[in-house]
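Listed here are the chains, written in short residue letters.
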Amino acid sequence: MADKATRQAHRPLSRRPRVRHNVTAAIGGDICSGRFAPGAVLPRESDLCAAYGVSRTVIRESLKVLETKGLVRGRPRVGTLVCDRSEWNVLDAQILEWMGPDVLSADLLGSILEARRTVEPAAAFLAAARATAQEIADLERACDDMGDAEGDLEAFTAADTRFHETLLKASHNQVFHQLSSIIHAALSYALHASNQAVDKRDEALGVHRDLVDALRLRDGARAEACSRRILDLAARDLSGLMGRTGAP
């Protein structure tokens, strides 16, 4: 009995969670790429096992994950259906990654921009009255990090994302605060795309700094106007990017 306990204690950790992650990503990628089209029935479990080289248990667990993301739906006596794109959780970081270039063709970035136009100017207006000194300092630090990262797209986008999430939180509106967490992945993806579209980001950085100044002066109208200007620049840059990629 003791020997058995010793063997179990030294047994390597199961690699199944990693296997499931890889298979989930593989099936999710095949759905997002169009290999399995919306409305189609996925192959039988046995065929999926053969295709991806895993057990039925791994396939079933992966399909459960994909169902929570809105990609598939099980139907009794029918099988597993691929859901329409309108049902996908497009704010999910993994789905955004799996969609790849299709993010542009699906006009998802345009939809994110529309949502930001509705929310961010209002958040900026509220933040002018409600932001704490620490939150304003955090926004200024994000601007400084954006400036320091001018030649590093990834670092610039990370600081840019932090700026906009902090702005939503600084509104001290509970719904906007929750949105900052919910849209993190989509916001980061959209900012990365718009930042990638230009060689120089001085103009956008300047407006970000103007917005911080407006908050410091508690000027709501100016803060709102700066937010709208930031979004206008993003729309311009995204338009140029979509034109170059041929996205509709």
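Our subject in this report is the structure included herewith. (Residues numbered from 1 in each chain as written. Predicted model: local features only at pLDDT ≥ 70, side-chain atom pairs only at ≥ 80, totals over all residues. Heavy atoms only, no water.)

Take the pattern of salt bridges next. Evaluated as defined, the whole model comprises 16 salt bridges. Taking the shortest distance from any N to any O, the salt bridge between Glu-140 and Arg-216 comes out at 3.0 Å. Of this pair, Glu-140 sits in helix H8 (residues 133–148) while Arg-216 sits in helix H12 (residues 202–216), placing them 76 residues apart in sequence. Note that Arg-236 and Asp-237 form a salt bridge whose closest N and O atoms lie 3.1 Å from each other. Overall, Asp-237 belongs to the buried group, its relative accessible area being 11%. The network of salt bridges with common partners includes Glu-203, Arg-229, Arg-236 and Asp-237. (Salt bridge = Lys/Arg side-chain N within 4 Å of Asp/Glu carboxyl O. Helix = DSSP H or I, 4+ residues; strand = E, 2+ residues; numbered from the N terminus. Buried < 20%, exposed > 50% of the residue type's maximum accessible area, 1.4 Å probe, protein only.)

Attention now moves to the packing of helix H7 (residues 108–130) against helix H9 (residues 153–170). Where H7 meets H9, the closest approach of the two axes is 7 Å, and the angle between their N-to-C directions is 60°. Compared by their axis directions, H7 and H9 come out oblique. Here H7 runs over H9; the crossing is left-handed. Where H7 approaches H9, its residues Arg-116, Val-119, Glu-120, Ala-123, Ala-124, Ala-127 and Arg-130 are matched on the opposing element by His-164, Leu-167, Leu-168 and Ala-170. The residue makeup of the contact of H7 with H9, split by class, is seven nonpolar, one polar and three charged. (Axes fitted to C-alpha atoms, helices over the stretch in contact; angles between N-to-C directions. Parallel < 35°, antiparallel > 145°, perpendicular 65-115°, else oblique. Left-handed = near helix turned anticlockwise from the far one by under 90°. Contact = heavy atoms within 4.5 Å. Nonpolar A, V, L, I, M, F, W, Y, C, P; charged D, E, K, R; others polar.)

This structure, assessed with the given rule, holds zero aromatic pairs. Sitting over the ring of Phe-156, Arg-201 keeps its end group 5.3 Å from the ring centre. (Phe/Tyr/Trp six-rings, centres within 6.5 Å; stacked < 30°, edge-to-face > 60°. Lys NZ or Arg CZ within 6 Å of the ring centre and 35° of its normal.)

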